[in-house]
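Overview (structure and organization)
Next come the chains, spelled out residue by residue.
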Amino acid sequence: MITPLIMVLLLIGPVLIASITSRLTAQQYDIRAAAAFGLVLLFGFTSLGHFVQTDAMVQMLPAWVPQRALLVHLTGVLEILIAAGFALPPTRRFTGVIAAAVLVLFLPVNIHAALNHVPMGAHAWGPRYLLIRVPLQGLIFAWVCWFTIRSPVHAGR
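Below is a summary of the structure that appears in this document.

**As for the packing of aromatic side chains**
- If you walk through the whole model with that rule in mind, you get two aromatic pairs.
- With a centroid separation of 5.9 Å and an interplanar angle of 45°, the aromatic rings of Phe-43 and Phe-86 are classed as tilted. A residue pair is termed long-range when its members are at least 10 positions apart, and Phe-43 in helix 2 (residues 31-52) and Phe-86 in helix 4 (residues 68-87) qualify at 43 residues.
- In this structure Phe-86 comes out as buried when scored by relative accessible area, which is 0%.
- Taking the centre distance of 4.8 Å and the plane angle of 55° together, the rings of Trp-143 and Phe-147 count as tilted. Pair noted here: Trp-143 and Phe-147 are both in helix 6 (residues 130-149), with a separation of four residues, about one helical turn. Accessibility assignment for this pair places Trp-143 and Phe-147 in one class, buried.
- Its end group placed over the ring of Trp-146, Arg-150 keeps NZ or CZ at 3.7 Å from the ring centre.

**A look at the side chain of Arg-92**
- Looking at the secondary structure, you find Arg-92 in helix 5 (residues 92-115).
- Notably, Arg-92 is buried but unbridged: the nearest opposite-charge side chain belongs to Asp-30, and the N-O separation is 5.4 Å.
- When near neighbours in sequence (up to four residues on either side) are disregarded, Arg-92 contacts Ala-33, Ala-36, Gly-85, Phe-86, Ala-87 and Thr-148.

**Some remarks on helix 4**
- With 20 residues, helix 4 should cover 28 Å at 1.5 Å per step; its first-to-last C-alpha distance of 29 Å lies within 8% of that length.
- Listed in full, the buried residues belonging to helix 4 are Val-72, Thr-75, Gly-76, Glu-79, Ile-82, Ala-83, Gly-85 and Phe-86.
- At its buried positions, helix 4 is contacted by helix 2, helix 3 (54-60), helix 5 and helix 6.

The rules behind these values
- Residues numbered from 1 in each chain as written.
- Predicted model: local features only at pLDDT ≥ 70, side-chain atom pairs only at ≥ 80, totals over all residues.
- Heavy atoms only, no water.
- Phe/Tyr/Trp six-rings, centres within 6.5 Å; stacked < 30°, edge-to-face > 60°.
- Helix = DSSP H or I, 4+ residues; strand = E, 2+ residues; numbered from the N terminus.
- Buried < 20%, exposed > 50% of the residue type's maximum accessible area, 1.4 Å probe, protein only.
- Lys NZ or Arg CZ within 6 Å of the ring centre and 35° of its normal.
- Lys, Arg positive; Asp, Glu negative; His and termini not counted.
- Salt bridge = Lys/Arg side-chain N within 4 Å of Asp/Glu carboxyl O.
- Contact = heavy atoms within 4.5 Å.
- Expected span 1.5 Å × (residues − 1).

Shown next, in the form of structure tokens:
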């Protein structure tokens, strides 16, 4: 159950650190860059699970899905590419669109895993886990949209 907490800390930590540093040093910080770095950390972290816990992640997929282990590895590579895309300012908006789509596409897998009590993370809790997972996925989706897809608002407009 600690994984969702780690995910939230990785996501918002860079913004909190940048904000605190800004107040202590009286220097401006780029909140969008800090938020994007949080996404780099988050997607880098989540990609690791695809390679470290492959068998458990395979169980999250319905049995009718072919080549489940290969799919888990490929989605891990996809998450690494998303992390890299958020690290590069010119690709952040495009990466945000891809990440938003991935978050929407991955949600049914998490729902399936929770409904079937898959023993991966807290999915074994069953549907109760969705009370944590769905809002977390919503937070990440909103973060992606707000800080990477949305055009920045500039003073004077």
